[in-house]
Amino acid sequence: MTDRYAVLGNPIGHSKSPLIHSLFAQATGQDISYTAIETPLDRFNETVLGFRAGGGLGLNVSLPFKLQAFEIATEPSERARLAGAANCLKFDGERILADNFDGVGLVNDLQNNLGCLLAGKRVLLLGAGGATRGALLPIAAQRPALLAVANRTADKAHALQRDFAAHAQLNSGGFDDLAGQAFDVVINATSTGLTQEPLPLPAGVFAPGAIAYEMVYGKGLTPFLRQAQSTGVSTVADGVGMLVEQAAEAFAWWRGVRPESGPVIQRLTVPLD
Ligand code: NAP
């Protein structure tokens with residue numbers, strides 16, 4: 001019998017997850033169906049429980065439901081607990097397991113696909129929302145020399161520093177606090193890639209040989225990536241690899257089979273210029 005999975009979100013029409021998981025299923029010979037379900041904003045729990053009652057085995061969860069996905073879980077992973085958010089659920093009888101694969105997807109893309117090992121690097125995350133929360137532990141686990149978070153609302157970055165104090169040594173502040181600092185890896189985890197707004201970054205924030213990574217994908221050269229290029233950064237990337245890598249983690253968690261991510265990333269990549 002075909003096993004059922006889906007992604008929930010609102011809106012969800014743009015989601016690449018059904019394509020990614022159907023390519024993974026074909027490549028690994030797994031008999032699954034994977035659909036996209038647009039979920040009314042006030043019906044997340046009912047949709048999850050209804051999907052499970054209909055025999056569904058697992059869900060990906062997209063915006064704006066990642067906090068609710070964490071809350072409905074009976075057994076969240078440590079990284080989902082620290083992020084306060086989950087992007088993947090697995091059903092096992094009455095148990096609802098939750099994990100957050102966004103951060104590990106980012107790290108796998110940087111290290112395995114882009115050749116950027118994080119150990120010993122100075123890493124800067126721009127933004128202090130859910131994506132940064134999910135990324136902090138997986139990045140810290142790679143032992144960077146420095147891990148900093150800068151956010152438009154500096155207090156939110158400071159709050160992250162406090163929340164993660166037992167797990168990661170973090171610097172935190174606003175964009176002004178970046179003056180005079182340089183980083184080897186600069187990751188834009190704000191939503192400005194979607195809105196195409198520039199960030200007020202000091203010019204010296206990109207160290208020589210730095211990589212600039214935009215979490216948003218499929219938008220070409222965003223203002224952040226253009227800004228990086230204009231200061232001499234030659235390695236720029238968007239978040240398509242992160243998207244596919246987090247999906248590969250989910251697929252392996254559900255099915256016990258790890259799909260190859262490279263061919264799927266290639267298929268989904270939109271040229272940056
Ligand atoms: P979120 O929780 O809504 O956080 C948004 C962040 O962007 C906040 O830190 C916010 O700062 C900042 N921001 C918004 N407008 C800004 C502006 N004009 N100037 C400076 N900062 C601004 O969103 P999220 O869940 O963290 O996601 C962030 C982005 O990552 C989204 O665009 C999402 O599409 C992308 N993402 C990609 C993947 C992937 O697989 N590639 C996975 C997850 C997320 P304030 O706190 O000051 O409001």
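Before going further, it helps to spend a moment on the environment of Val-205. As for its position among the elements, Val-205 is in the loop between α8 (192–195) and β11 (206–214). With 61 residues separating them along the chain, Val-205 and Gln-266 place their C-alpha atoms 30 Å apart. The contacts of Val-205, once residues within four sequence positions are left out, are Leu-124, Leu-178, Gln-181, Ala-182, Phe-183 and Val-186.

With mixed pairing, the six strands of this open sheet are ordered in space as β2-β1-β3-β5-β6-β4. Across the chains shown, the open sheet's two edge strands, defined by having one partner strand only, are β2 (32–38) and β4 (75–76).

Judged by nonpolar contacts, the single largest core of 29 residues is most densely connected at Leu-106, Leu-125, Ile-139, Ile-187 and Met-215. With five residues, helix α6 (residues 130–140) is the largest single contributor of residues to this core. The contact partners of Ile-139, leaving out residues within four places of it in the chain, are Leu-106, Val-107, Leu-118, Val-123, Leu-125, Pro-144, Leu-147 and Ile-187. Ranked by size, the runner-up nonpolar core spans 23 residues in total, among them Phe-24, Ile-32, Cys-88 and Val-104.

Residue position: Asp-99 is located in strand β6 (residues 95–99). Not counting residues within four places of it along the chain, the set of residues in contact with Asp-99 comprises Ser-77, Arg-79, Ala-80, Ala-86, Asn-87, Cys-88 and Trp-253.

Near the ligand, the surroundings consist of 25 residues, among which Ala-131, Asn-151, Thr-153, Lys-156 and Met-215 are the closest. One of the backbone nitrogen or oxygen atoms of Ser-191 is found 3.2 Å away from an oxygen atom of the ligand. Here Leu-243 contributes a backbone N or O atom positioned 3.5 Å from an oxygen atom of the ligand. Calculation on the ligand without its partners gives an accessible area of 930 Å², and the protein chains cover 81% of this total. Applying the majority rule of atoms within 2 Å of the grid points places the ligand in the largest pocket. Among the elements of the structure, α6, α8 and α10 (240–255) are those that each provide at least two residues to the shell around the ligand. Here the residues of the shell around the ligand are counted per class, giving 11 nonpolar, nine polar and five charged.

The next subject is the layout of surface pockets. Each pocket or cavity is described by its volume, and for the largest pocket that value is around 1,500 Å³. Looking at the largest pocket, it is lined by 49 residues, and the ones nearest its centre are Leu-63, Lys-66, Ala-131, Ser-191 and Leu-194. Among the secondary structure elements, those contributing two or more residues to the lining of the largest pocket are β3 (58–61), α3 (66–72), α6, α8 and α10. For the lining of the largest pocket, the residue count by class is 22 nonpolar, 19 polar and eight charged.

A few words now on the domain arrangement of the protein. You can read the domains of the protein as domain 1 (3–100) and domain 2 (103–240). For domain 1 versus domain 2, the distance between C-alpha centres works out to 27 Å. Residue-level contacts link six residues of domain 1 with nine residues of domain 2. With both sides pooled, the region where domain 1 packs onto domain 2 buries about 680 Å², and carbon together with sulfur makes up 64% of that total. On the domain 1 side of the contact with domain 2, Arg-79, Leu-82 and Ala-83 bury the most area, a combined 65% of that side's loss. Here domain 1 is connected to domain 2 by zero salt bridges. Where domain 1 touches domain 2, the interface holds one residue pair in polar contact (both at pLDDT 80 or more). Looking at the side of domain 1 that touches domain 2 residue by residue, the class counts come to two nonpolar, one polar and three charged.

Conventions we followed
Counting restarts for each chain: residues are numbered from 1 in the order of the written sequence. pLDDT decides what is reported in this predicted model: residues at 70 or higher carry local features, side-chain atom pairs at 80 or more are listed and counted, and totals for whole chains, interfaces and linings draw on all residues regardless. Computation of side-chain values: all heavy atoms of the structure, hydrogens and water removed. Runs of E in the DSSP output that reach at least two residues are strands. Runs of H or I that reach at least four are helices, and both are numbered from the N terminus. Should any heavy atoms of two residues lie within 4.5 Å, those residues are counted as being in contact. For two strands to count as paired, DSSP must find a minimum of two bridges between them. By nonpolar core is meant a set of buried Ala, Val, Leu, Ile, Met, Phe, Trp, Tyr and Cys residues that side-chain atoms within 4.5 Å join together. Each residue gets one of three labels from its accessible area relative to the maximum for its type: buried under 20%, exposed over 50%, partly exposed in between, using a 1.4 Å probe on protein chains only. Proximity is defined per residue: if any heavy atom of the residue lies within 4 Å of a molecule or strand, that residue is considered near it. What qualifies as a polar contact is a pair of N or O atoms within 3.5 Å, subject to a donor-acceptor requirement within protein and to the restriction that residues adjacent in sequence count only when both atoms come from side chains. Using the Shrake-Rupley algorithm and a 1.4 Å probe, accessible areas are obtained, with residue cover drawn only from the displayed protein chains. Note on definitions: the grid is 1 Å and covers protein atoms alone; a cavity is a set of points where a 1.4 Å probe fits but cannot get out; a pocket is an open set with protein on both sides within 12 Å along at least five of seven lines; lining residues have an atom within 4 Å of a point. Put plainly, a molecule is in a cavity or pocket when over half of its atoms are within 2 Å of the grid points there. Each residue gets one of three labels, nonpolar for Ala, Val, Leu, Ile, Met, Phe, Trp, Tyr, Cys and Pro, charged for Asp, Glu, Lys and Arg, and polar for the others, Gly among them. Grid points are joined across faces, edges and corners, and a volume is the space filled by probe spheres set on the points. Bear in mind that the domain bounds are from an automatic or database domain assignment. Here the quantity called buried area is the accessible surface, traced with a 1.4 Å probe, that two parts lose on coming together, added over both. A carboxyl oxygen of Asp or Glu within 4 Å of a side-chain nitrogen of Lys or Arg is what we treat as a salt bridge.

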